[in-house]
Amino acid sequence: MEGDPEKAARKFLSEHFKLFKMKQDLEDLPFLRKTDSLGGCHVIFQQVFNEVPVYNAFTSVHMDKCNRINKIDICYHPDLSVEWRVEKGISGEEAIRIAVETLRAEKRLAGKITTEMVIYPKDGKYYVVWKVAIPLFNPTEEWYVFLDYKTGIILDILDALLKFTGRGRVFIPNPVVALGDRSLTGESEIPDKAYADVVLKDLDGSGYLRGQHVDTCSTPNRAKEQNLIFDYSRQDPRFKEVMAYYHIDEAARYIQSLGFTGLCNKTIKVNSHGDFVDNSYYSRDKKEITFGTWYIDDGEDADIILHEYCHAILDEQVPGFGLNWSTCPIAEGFGDFLQHVFLLR
Ligand SMILES: [Zn+2]
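Notes on the structure in this doc start here. (Residues numbered from 1 in each chain as written. Predicted model: local features only at pLDDT ≥ 70, side-chain atom pairs only at ≥ 80, totals over all residues. Heavy atoms only, no water.)

### Quick look at the overall build of the protein chain
Selection rule: Numbering of helices and strands starts at the N terminus; helices are DSSP runs of H or I of at least 4 residues and strands are runs of E of at least 2. Both definitions apply: the radius of gyration is a C-alpha atom measure, and the globule rule equals 2.2 Å times residues to the power 0.38. Under the scheme applied here, a residue whose accessible area is under 20% of the maximum for its type counts as buried, over 50% as exposed, and between as partly exposed, the area being computed with a 1.4 Å probe on protein chains only. Contact definition: two residues touch when any of their heavy atoms are within 4.5 Å. Surface exposure here means Shrake-Rupley accessible area, sampled with a 1.4 Å probe, where a residue is shielded only by the protein chains that are shown. Positive charges come from Lys and Arg alone, negative charges from Asp and Glu alone, with His and the N- and C-terminal ends not counted. For the purpose of locating charges, the reference atoms are NZ of Lys, CZ of Arg, CG of Asp and CD of Glu.
A count of helices and strands for the protein chain gives 6 helices and 15 strands. Radius of gyration (C-alpha) of the protein chain: 26 Å, far over the 20 Å computed for a compact globule of 345 residues. The principal-axis extents of the C-alpha atoms in the protein chain amount to approximately 75 × 50 × 35 Å. In the protein chain, which comprises 345 residues, the proportion classed as buried is 48%. Put simply, 54% of the contacts in the protein chain that link residues at least 6 apart link residues at least 24 apart. Accessible surface computed for the protein chain: about 18,400 Å², of which carbon and sulfur atoms make up 52%. With 41 positive and 53 negative side-chain charges, the protein chain shows a separation of 5 Å between the mean positions of the two kinds.

So this is what it looks like as structure tokens:
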């Protein structure tokens, strides 16, 4: 096709409008965006009705660098019709109120709630709806609630959080144990075989190390990898974030696999790059673990990571446990005990 990709794609759709059951002038199919890739580009159109977008109704035209069309994906509703009047419906604020109440979300809001008016197909009918997007924490969740504009009735609630799997490099639990070499010091060259390649489970897909059990949100200059591959070595501060994410997430899963499904089943915040001190701690107020960075960073050692996580677990059971001299030894002992049980499992 001649011309720029958008015009070429539009011309092609228009020429074959009968085949695709579209309108010849494509007036309800405005251009949404174009993305480039190695092989060419992808032009995406969004179906609208009276300028309101139709939910998930995208038509994508894929072409190579010479504007040769290779493939077309169509989600288009040919017989779309819906009657509605702007003045007869609930407000966006009202939609948010109903959605938050239904999800019992008020105490777990993790950010701004957004609303969007869309045309929503359901069971062969079309509805004008408010799509309310609600982000939550503890655990990390995001929901789309679709409410009928006319009646305020909830048509659907969708889990918006696709869980993603990433990859990374960690020590298990540290180079001294992994290599069986007690002569290592902070200055030693650490060979590749001291590292293990691991799967990082249930990332939220944002590119951050953020998932159901761990969020490294308190770490300065936190790691962000859009492809979810977190391959660092210990010189890189971000390596410690991968350590914290992997080991805490694995520990939480292990504990839950034993049947303790409610035990500290929440997102723990982590700062893997704390102060220049030889100490790490769990903050009961912030529900956050901070790893010290003096000499060898504490976040390089899974023993320490798990020990601190144990303080979070105990605090969930008995708030403040371990703060006085009669419970402190038990709390410290429990941390050391569990970290070893876990690493020997
Ligand atoms: Zn401790």
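### Re helix α1 (residues 5-15)
What counts, and what does not: Relevant arc is that of directions from the helix axis to the C-beta atoms, nothing else. Counted as a polar contact is a pair of N or O atoms within 3.5 Å, where, for protein atoms, one must be capable of donating a hydrogen and the other of accepting one, and residues adjacent in sequence contribute only when both atoms are in side chains.
For α1, the full list of buried residues reads Pro 5, Ala 8, Ala 9, Phe 12 and Leu 13. In an axial view of α1, the angular spread of the buried residues amounts to 130 degrees, which keeps them on one side of the axis. Residues of α1 that are buried make contact with β1 (31-37), β2 (40-49), β3 (52-64) and β4 (69-74). One side-chain oxygen at the N-terminal end of α1 lies 3.1 Å from the backbone nitrogen of Glu 6; it belongs to Asp 4.

### Structural notes on the pattern of salt bridges
Note the cut-off: Each salt bridge in this description consists of a side-chain nitrogen of Lys or Arg and a carboxyl oxygen of Asp or Glu lying within 4 Å of one another.
Taken as a whole, this structure holds 24 salt bridges when the rule is applied. A salt bridge links Arg 68 to Asp 64, with the shortest nitrogen-to-oxygen separation between them at 3.0 Å. For Arg 68, a relative accessible area of 53% puts it in the exposed group. Within the structure, one salt-bridge network assembled from shared partners comprises Arg 234, Lys 240, Asp 297 and Glu 300.

### Some remarks on the coordination of the zinc ion
What counts, and what does not: Because no water is among the atoms considered, metal sites can look incomplete, with donors defined as N, O and S atoms within 2.8 Å of the metal, or 3.2 Å for Na, K and Ca.
Distances from the zinc ion to its protein donors, His 307 (NE2), His 311 (NE2) and Glu 332 (OE), fall within 2.0 to 2.1 Å. When the donor residues of the zinc ion are listed from N- to C-terminus, their spacing reads H-x3-H-x20-E. Residue His 311 is found in helix α5 (residues 302-317), and its partner Glu 332 is found in helix α6 (residues 328-343); the two are separated by 21 residues along the sequence.

### Overview of the packing of aromatic side chains
Two measures describe an aromatic ring pair: the distance that separates the ring centres and the angle between the ring planes. Stated precisely, the cut-off is as follows: Aromatic pairs are defined between Phe, Tyr and Trp rings, using the six-membered ring for Trp, whenever the two ring centres lie within 6.5 Å; interplanar angles under 30 degrees are classed as stacked, those over 60 as edge-to-face, and all others as tilted. Look at NZ for Lys and CZ for Arg. If either is within 6 Å of the ring centre and within 35 degrees of the ring normal, a charge sits over the ring.
All told, the structure shown has 12 aromatic pairs when counted by the stated rule. Judged by centre distance (6.4 Å) and plane angle (45 degrees), the rings of Phe 12 and Phe 20 are tilted. Of the two residues, Phe 12 and Phe 20, neither departs from the other in class, the shared state being buried. Taking the centre distance of 4.8 Å and the plane angle of 65 degrees together, the rings of Phe 171 and Phe 239 count as edge-to-face. Here Phe 171, found in the loop between β9 (164-170) and α3 (175-179), pairs with Phe 239, found in helix α4 (residues 237-257); they are 68 residues apart in sequence, far enough to count as distant. As far as the burial class goes, Phe 171 and Phe 239 line up, both buried. A connected cluster of aromatic rings, assembled from ring pairs, spans Tyr 55, Tyr 120 and Phe 146. The ring of Tyr 144 is capped by Lys 131, whose NZ or CZ atom sits 4.4 Å from the centre of that ring.

### Side note on the sheet that holds strand β11 (residues 214-215)
Rules: Whether two strands pair comes down to DSSP finding at least two bridges between them.
Sheet architecture is open: 4 strands sit in the order β11-β13-β15-β14, paired in mixed fashion. Looking at strand neighbours, the two that pair on one side only are β11 and β14 (281-283), the edges of this open sheet. Note: β14 against strand β15 (residues 288-290), 3 bridges, orientation antiparallel. When the sheet's bridge partners are listed, Tyr 282 is paired in β15 with Ile 289.

### Some thoughts on the sheet that holds β9
Applied cut-off: Helix axes are fitted only over the stretch in contact, all axes being lines through C-alpha atoms; the angle between N-to-C directions runs from 0 to 180 degrees.
With respect to topology, 3 strands assemble into an open sheet ordered β10-β9-β12, the strand pairing being mixed. The open sheet has two edge strands with one neighbour each: β10 (196-203) and β12 (229-230). Bridge count between β9 and β10: 6 bridges; the pairing is antiparallel. Of the residues in β10, the one forming a bridge with Gly 166 is Leu 200. Of the strands in this sheet, β9, β10 and β12 touch α4, which is tilted by about 70 degrees from β10.

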